[in-house]
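As a plain string of letters, each chain reads:
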Amino acid sequence: MSTHDAAPVRFDTKIAVLLREDLETWQRLNVTAFLVSGLSTQFPEVIGEPYADADDIAYLPMFRQPVLVFEGTKETLTNAHARVLSRALPRALFTSDLFTTGNDRDNRAAVRAVPTAELDLVGLAVYGPRNAVDKVLKGARMHP
């Protein structure tokens, strides 16, 4: 049986990114890329097998499941952050301060300098059971 004939895979987990709706296009792309990079380092099971084309040129493996991207207001993001913390789900965050830094060390220092309740969140990634992630994202809408 070819992979085209197989039944669609339904994952019991979800990878989701929530972006603040007022971001510029370049910011949305940059934040999404940074956020999902954190998930792959901690959860190797989300990574599929390496790719190869018909000429046997090798390509890096990618996530084995879709990454769903959502958007919402600053309040939606703040509420989602509180819910992800209360459920202790794996998460990555991106704050507005990170747009002014230029390296990993300064990024971590910028986040470390701000208490949790005062973080100016512009993006959040979450991974976990589908229903738990859906509850975290309550109030968000699919990114257009």
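Structural data are supplied above this passage.
Rules used throughout
Counting of residues starts from 1 at the beginning of each chain's written sequence and follows it residue by residue. Local features in a predicted model are, by the rule used here, given only for residues with pLDDT of at least 70; side-chain atom pairs are given and counted only at 80 or more, and totals for whole chains, interfaces and linings are based on all residues. Side-chain figures throughout are based on the complete set of non-hydrogen atoms in the structure, without hydrogens or water. In plain words, nonpolar cores are sets of buried Ala, Val, Leu, Ile, Met, Phe, Trp, Tyr and Cys residues tied together by side-chain atoms within 4.5 Å. Exposed residues in this analysis have more than 50% of their type's maximum accessible area, buried residues have under 20%, and partly exposed residues fall in between, with area computed by a 1.4 Å probe over protein chains only. Here a strand is any run of E in DSSP of at least two residues, a helix any run of H or I of at least four, and the numbering for each starts at the N terminus. Residue contacts follow a heavy-atom distance rule, with two residues in contact if any of their heavy atoms lie within 4.5 Å. Side-chain rings of Phe, Tyr and Trp (the six-membered ring for Trp) are treated as a pair once their centres are within 6.5 Å; stacked means planes under 30 degrees apart, edge-to-face means over 60, and tilted covers the remaining angles. Exposure above 30% relative accessible area and no salt bridge define the residues that can form patches, which grow by joining like charges within 9 Å and nonpolar side chains of Val, Leu, Ile, Met, Phe, Trp and Tyr within 5 Å. Residue burial considers only the protein chains on display, and all accessible areas are found by Shrake-Rupley using a 1.4 Å probe. Salt bridge, as applied in this entry: a Lys or Arg side-chain nitrogen positioned within 4 Å of an Asp or Glu carboxyl oxygen. The distinction between a cavity and a pocket rests on a 1 Å grid over the protein atoms alone: a 1.4 Å probe fits inside a cavity but cannot get out, while a pocket stays open yet meets protein on both sides within 12 Å along at least five of seven lines, and a residue with an atom within 4 Å of a point counts as lining. Grid points are joined across faces, edges and corners, and a volume is the space filled by probe spheres set on the points. Two strands qualify as a pair provided DSSP detects at least 2 bridges between them.

**Quick word on the nonpolar core**
Generally speaking, soluble globular proteins have nonpolar side chains that are buried together. Of all hydrophobic cores here, the largest spans 17 residues; its most connected members are Val31 and Leu35. For this core, the element with the highest residue contribution is helix H1 (residues 25-42), accounting for four residues. Not counting the four nearest positions on each side in its chain, Val31 is found in contact with Leu19, Leu23, Phe94, Phe99, Val122 and Gly123.

**Digging into the packing of aromatic side chains**
Within this structure, the stated rule accounts for four aromatic pairs. Ring centres of Trp26 and Phe99 lie 5.6 Å apart, and the angle between their planes is 70°; on these two criteria the pair is classed as edge-to-face. Placement of the pair is Trp26 in helix H1 and Phe99 in the loop between strand E5 (91-95) and helix H3 (104-112), with a sequence separation of 73 residues. With a relative accessible area of 52%, Trp26 lands in the exposed category. With relative accessibility at 23%, the residue Phe99 sits in the partly exposed group.

**Regarding a nonpolar patch on the surface**
A cluster of nonpolar side chains, contributed by Tyr51, Ile57, Tyr59 and Met62, occupies part of the molecular surface with about 410 Å² of accessible area. In this fold, Tyr51 is placed in strand E2 (residues 51-52).

**Re the layout of surface pockets**
For the largest pocket, the calculated volume is near 510 Å³. In this structure, the largest pocket is lined by 18 residues; those nearest its centre are Ala92, Leu93, Leu98, Arg108 and Val111. Of all the secondary-structure elements, those providing two or more residues to the lining of the largest pocket are H1, helix H2 (74-86), E5 and H3. The element best represented in the lining of the largest pocket is H3, accounting for five residues.

**A word on the sheet that holds strand E6 (residues 121-129)**
Taken in spatial order, the five strands line up as E5-E6-E1-E4-E7 in an open sheet, and their pairing is mixed. At either end of the open sheet lies a strand with only one pairing partner, and these are E5 and strand E7 (141-142). Strand direction decides the pairing type here: strand E1 (residues 13-20) and E6, joined by seven bridges, are antiparallel. The partner of Thr13 across the bridge, within E6, is Pro129.

**Description of the pattern of salt bridges**
Taken as a whole, this structure holds nine salt bridges when the rule is applied. A salt bridge links Arg141 to Glu21; its shortest N-O distance comes to 2.3 Å. One end of the pair, Arg141, is in strand E7; the other, Glu21, is in the loop between E1 and H1, with 120 residues separating them in the sequence. Judged by relative accessible area, which is 31%, Glu21 ranks as partly exposed. The partner of Asp106 in a salt bridge is Arg105, and the shortest N-O contact between them spans 3.7 Å. Judged by relative accessible area, Asp106 falls into the partly exposed class, the value being 30%. Assessed through its relative accessible area of 57%, Arg105 is described here as exposed.

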